[in-house]
Amino acid sequence: MKEAILNRLRTAVIGHKLHIFDEVGSTNDVAVERARADGEEGEVFIARRQTAGRGRLGRSWESPADKNVSLSILLRPPCAPAETPLLTLVAGSAVYDTLASFLNDTDGLKLKWPNDVYFKDRKIAGILSELHFEKSHFVVVGIGIDVNADPEDFSLEVRDLAVSLKGILGKEIDLAEVVARLLGSFERRYQSFLKGQAGEIVAFCDAHSHLKGRRISFEGSNGNKSGVAIGLSPQGHLLVKKDDDTILTVASGDVILCS
Ligand code: BTN
């Protein structure tokens, strides 16, 4: 797997230090451990199988062995910590680019703010970015993509909510090729972000939004709120128009589609 990825990799930095594990709890945790030692910008940690894959808000992430992409990228971005939430949108755009490069028809491919990728209302990928403050700050961007999973590989709980590339295309996809394209897309998007072009990434996420124009509910500072998602702010926050026509800016949290 390692040779197959490195042979296909066309990046300057991301993934040149590549660590592949047969089994770990969570690749995000492995990346954090490595960062606390002497882990470098762009190191990538891939698991053939995760036993404790994590999603946002304490949820678990299912990743059947050798079928899907489960990886984490260690970043030491020379930007203010306050800007690092945008790295989730950087990763989302990179996952979008990667999946689009395999699909004949990208119509159903959407980015659900802030961290999910959907195909025709089913989740195909998720991102878990974690910011750590230690001697200096670092970020671990964890990405899970359902590539060759079959429905029976998922628990009954998520089976009807998830879809894989194989499920869409009806054929197995080369995992090493998916990883190489993902790391290439990620590096391109990350370079744009570092060059101050975050606006382009936010605009891309807005243009391919799963939520835009749809009624959503979310947990506000004082209780549950609802409204229509109308787009993203330049900072990458979700803009929601309430029924009284006021606009709310949602910086983080979970969003549920009502329709
Ligand atoms: C979510 O759906 O909330 C995010 C899912 C993120 C899953 C990936 S798989 C690789 C990395 N390691 C983890 O434990 N989580 C992320």
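Preceding block: the structure.
A quick note: this is a predicted structure, and the numbers were derived from the prediction, not measured.

Procedures and definitions
- Residues numbered from 1 in each chain as written.
- Predicted model: local features only at pLDDT ≥ 70, side-chain atom pairs only at ≥ 80, totals over all residues.
- Heavy atoms only, no water.
- Helix = DSSP H or I, 4+ residues; strand = E, 2+ residues; numbered from the N terminus.
- Rg over C-alpha atoms; globule rule 2.2 N^0.38 Å.
- Buried < 20%, exposed > 50% of the residue type's maximum accessible area, 1.4 Å probe, protein only.
- Contact = heavy atoms within 4.5 Å.
- Pairing = 2+ DSSP bridges.
- Axes fitted to C-alpha atoms, helices over the stretch in contact; angles between N-to-C directions.
- Parallel < 35°, antiparallel > 145°, perpendicular 65-115°, else oblique.
- Left-handed = near helix turned anticlockwise from the far one by under 90°.
- Nonpolar A, V, L, I, M, F, W, Y, C, P; charged D, E, K, R; others polar.
- Polar contact = N/O pair within 3.5 Å; in protein donor to acceptor, adjacent residues only side chain to side chain.
- Near = heavy atom within 4 Å.
- Areas by Shrake-Rupley, 256 points an atom, 1.4 Å probe, with all protein chains shown as cover.
- Expected span 1.5 Å × (residues − 1).
- Core = buried A, V, L, I, M, F, W, Y, C linked by side-chain atoms within 4.5 Å.
- Phe/Tyr/Trp six-rings, centres within 6.5 Å; stacked < 30°, edge-to-face > 60°.
- Lys NZ or Arg CZ within 6 Å of the ring centre and 35° of its normal.

Asker: Can you help me understand the overall build of the protein in this one?
Answerer: Scanning the protein from terminus to terminus reveals 7 helices and 12 strands. Here the C-alpha radius of gyration of the protein, 18 Å, is about what a compact globule of 259 residues would show, namely 18 Å. Projected onto its principal axes, the C-alpha coordinates of the protein cover approximately 55 × 45 × 30 Å. The burial tally for the protein puts 51% of its 259 residues in the buried class. Within the protein, residue pairs in contact and separated by at least 24 positions form 65% of the contacts whose partners lie at least 6 positions apart.

Asker: Would you explain the sheet that holds strand E9 (residues 223–232) in this entry?
Answerer: What the 5 strands build is an open sheet, ordered E11-E10-E9-E8-E12; its pairing is antiparallel. The two strands at the open ends of the sheet, each matched to only one other strand, are strand E11 (247–250) and strand E12 (255–257). When the angles between neighbouring strand axes are averaged without regard to direction, this sheet yields 45°. Summarising the sheet, strand E10 (residues 238–241) and E11 pair through 4 bridges and their orientation is antiparallel. Residue Leu239 lies in a different strand from E11, and its bridge partner there is Thr249.

Asker: Got a minute to help me understand unusual backbone geometry in this structure?
Answerer: Note on backbone geometry: most residues besides glycine have negative phi, and most peptide bonds are trans. With omega at -5°, the peptide bond leading from Trp113 into Pro114 counts as cis. With respect to the helices and strands, the residue Pro114 is situated in the loop between strand E4 (109–112) and strand E5 (116–119). Located in the positive-phi region is Asp121, a residue other than glycine, with phi close to 70°. Among the secondary structure elements, Asp121 is positioned in the loop between E5 and strand E6 (122–133). In this structure, Asp245 takes a positive phi of about 75° despite not being glycine. Residue class for Asp245 comes out exposed when judged on its relative accessible area of 54%.

Asker: Got a minute to help me understand the packing of helix H3 (residues 86–102) against helix H6 (residues 175–194) in this structure?
Answerer: Between two packed helices, what matters for the description is the angle formed by their axes and the separation of those axes. The interhelical angle for the contact between H3 and H6, taken along N-to-C directions, is 135°, at an axis separation of 8 Å. Viewed along their axes, H3 and H6 adopt a mutual orientation that is oblique. For the crossing formed where H3 meets H6, the hand is right-handed. Packed against H3, whose contacting residues are Leu86, Leu87, Val90, Ala91, Ser93, Ala94, Val95, Asp97, Thr98, Ser101 and Phe102, the element H6 presents Glu177, Val178, Arg181, Leu182, Ser185, Phe186, Arg189, Tyr190 and Phe193 at the interface. Residue classes in the contact of H3 with H6 are distributed as 12 nonpolar, 4 polar and 4 charged.

Asker: What's the story with helix H2 (residues 27–36) in this structure? I'm lost.
Answerer: In an α-helix there are 3.6 residues to a turn, and that puts residues three or four apart on one side. All of the buried residues in H2 are Thr27, Asn28, Val30, Ala31, Val32 and Ala35. Where H2 is buried, its residues meet strand E1 (18–21), strand E2 (44–47), strand E3 (69–75), E6 and strand E7 (137–145). Two or three places before Asn28, at the start of H2, stands the capping residue Ser26, its side-chain oxygen 3.1 Å from that residue's backbone nitrogen.

Asker: Please explain the site of the ligand as it appears in this structure.
Answerer: The environment of the ligand is formed by 21 residues, the closest being Ser26, Gln50, Arg54, Arg56 and Lys123. Gln50 places a side-chain nitrogen or oxygen 2.9 Å from a nitrogen atom of the ligand. Protein contacts shield 98% of the accessible area of the ligand, which totals 420 Å² for the unbound molecule. Among the secondary structure elements, those contributing two or more residues to the shell around the ligand are H2, E3, E6 and E7. The greatest single-element share of the shell around the ligand, amounting to 4 residues, is contributed by E6.

Asker: Would you mind going over H6 with me for this structure?
Answerer: For H6, which comprises 20 residues, the first-to-last C-alpha distance of 28 Å matches the rise-based estimate of 28 Å (1.5 Å per residue) to within 8%. A large share of H6 lies buried, amounting to 15 of its 20 residues.

Asker: Just to check I follow, could you spell out the nonpolar core for this structure?
Answerer: Most often, soluble globular proteins have nonpolar side chains that are buried together. Counting 61 residues, the largest nonpolar core has Leu71, Ile143, Ile145, Phe186 and Leu238 as its most contacted members. In terms of residue count, H3 provides more of this core than any other element does, 10 residues in total. Discounting chain neighbours no more than four positions away, the residues touching Ile143 are Val69, Ser70, Leu71, Ile73, Ala91, Val95, Gly126, Ile127 and Leu182. Among the nonpolar cores identified, the runner-up in size contains 10 residues, and Val24, Val30, Val32 and Leu74 belong to it.

Asker: Is there a simple way to think about the packing of aromatic side chains in this case?
Answerer: The geometry of an aromatic ring pair is captured by the separation of the ring centres together with the interplanar angle, meaning the angle of the planes. On inspection of all chains with the given rule, the structure shows 3 aromatic pairs. Pairing Tyr96 with Phe204 gives two aromatic rings, centres 5.2 Å apart and planes at 85°, and the pair type is edge-to-face. Of the two residues, Tyr96 is situated in helix H3 and Phe204 in helix H7 (residues 198–207); the sequence distance between them amounts to 108 residues. Taken individually, Tyr96 and Phe204 each receive the classification buried, so the pair is uniform in this respect. With a centroid separation of 5.8 Å and an interplanar angle of 25°, the aromatic rings of Phe186 and Tyr190 are classed as stacked. Here the residue Phe186 and the residue Tyr190 both occupy positions in helix H6, the gap between them amounting to 4 residues, near one helical turn. Put simply, the rings of Phe186, Tyr190 and Phe193 touch in pairs and so form one group of aromatic residues. For the cation-ring pair, Arg181 lies above Phe102, with the distance from its terminal atom to the ring centre recorded as 4.0 Å. Directly above the aromatic system of Phe204 lies the positively charged group of Arg189, at a separation of 4.2 Å from the ring centroid.

Function cannot be read off these values alone, since they describe shape.
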